[in-house]
Amino acid sequence: ANAQEDGTYTQKFTVPVEVNGIGESNDVKLTIMAVDNVGNTTTYTREFAVDNQAPRVAVNYDNNDVRNEKYFAANRTATITYTDINLDVAKYTGDGNTADATVEQVVKYTTDGHHTLGVYAKDLAGNETDTFASTSVAPDDFYIDTQKPVVTILQDTEDAEPGVDAENNVDYYDKVVTYTIAVDDEYIDAGNKGVAAWVKYEKTFADGTSAEETIDA
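Here is a short report on the structure shown in this document. Since this is a predicted model, take the numbers as computed values, not measurements.

What counts, and where the lines are drawn
- Residues numbered from 1 in each chain as written.
- Predicted model: local features only at pLDDT ≥ 70, side-chain atom pairs only at ≥ 80, totals over all residues.
- Heavy atoms only, no water.
- Salt bridge = Lys/Arg side-chain N within 4 Å of Asp/Glu carboxyl O.
- Helix = DSSP H or I, 4+ residues; strand = E, 2+ residues; numbered from the N terminus.
- Buried < 20%, exposed > 50% of the residue type's maximum accessible area, 1.4 Å probe, protein only.
- Pairing = 2+ DSSP bridges.
- Axes fitted to C-alpha atoms, helices over the stretch in contact; angles between N-to-C directions.
- Lys, Arg positive; Asp, Glu negative; His and termini not counted.
- Polar contact = N/O pair within 3.5 Å; in protein donor to acceptor, adjacent residues only side chain to side chain.
- Contact = heavy atoms within 4.5 Å.

**Quick notes on the pattern of salt bridges**
If charged atoms from side chains of opposite charge come close, those side chains can pair. Applying the stated criterion across every chain, the model contains five salt bridges. The partner of Lys29 in a salt bridge is Glu47, with the nearest N and O atoms 3.8 Å apart. Remark: Glu47 occurs in strand E4 (residues 41–50) and Lys29 occurs in strand E3 (residues 25–35); sequence separation between them is 18 residues. The same class applies to Lys29 as to Glu47, namely exposed. One salt bridge connects Lys91 with Asp100, and the closest N-O pair in it is separated by 2.5 Å.

**A word on the sheet that holds strand E8 (residues 76–83)**
Backbone hydrogen bonds hold the strands of a sheet together, and the pairing may be parallel or antiparallel. Judged by pairing direction, the sheet is antiparallel, and its three strands sit side by side in the order E5-E8-E11 without closing on themselves. Each of the sheet's edge strands pairs with one partner strand only, and the pair in question is strand E5 (56–61) and strand E11 (104–109). Here the average twist between neighbouring strands, direction ignored, is 20°. Sheet topology places E5 next to E8; six bridges connect them, and they run antiparallel. Note that in E8 the partner of Arg56 across the bridge is Thr83.

**Description of the side chain of Asp123**
With respect to the element layout, Asp123 can be found in strand E12 (residues 113–123). Although buried, Asp123 forms no salt bridge, and the nearest oppositely charged side chain, Arg56, lies 6.4 Å from it. Engagement of the side chain of Asp123 in a polar contact is seen with the backbone nitrogen of Asn127, the distance being 2.9 Å. With sequence-adjacent residues up to four places away left out, Asp123 is seen in contact with Asp51, Gln53, Pro55, Asp84, Asn86, Leu87 and Asp88.

The following block contains the structure:
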């Protein structure tokens with residue numbers, strides 16, 4: 001104890017106080033009571049927040065009808081939900097463009113092509129995250145393809161003269177006729193896109209029978 005000029009004594013000491021097991025809360029109250037030898041009592045109360053967890057982010061889509069792991073034949077809408085008791089910053093990045101987000105942000109993907117989604121969140125305590133949970137398929141990297149393949153058939157008759165059956169709309173040739181089938185589609189190249197692409201056609205013979213054949217792209 002330290003003696004003061006007025007004859008009183010003062011003693012200072014520090015007592016560490018651990019606050020455990022309460023989780024996240026903005027309503028933590030710490031009360032300290034001091035009692036001297038004759039029973040005089042002083043009570044001190046301090047309120048504070050405990051925020052030791054990063055914000056939680058969830059992403060879910062309305063369209064999960066996927067083909068070949070990450071290809072969709074229709075538009076998609078993502079709903080991003082940010083959860084934290086002291087959320088300070090919420091952002092999302094769609095197709096490389098970053099923007100501020102609300103606590104429940106809707107992001108619409110309405111064009112064909114390659115799409116990406118990323119998130120970022122930080123709270124007032126400085127906890128931050130750039131990850132999210134999702135129950136949807138291909139939530140962060142996917143393609144939209146609403147266009148049907150365009151098929152062009154080129155005929156090489158090698159100067160053969162056709163005979164025409166106008167009634168049945170059939171041409172007959174006395175030589176070999178070669179057909180070239182061209183397929184134009186943004187995502188039909190299996191080598192580049194990892195998509196199983198193929199062309200199926202039907203051919204009919206002179207005796208009236210027919211057969212289907214499939215050509216891998």
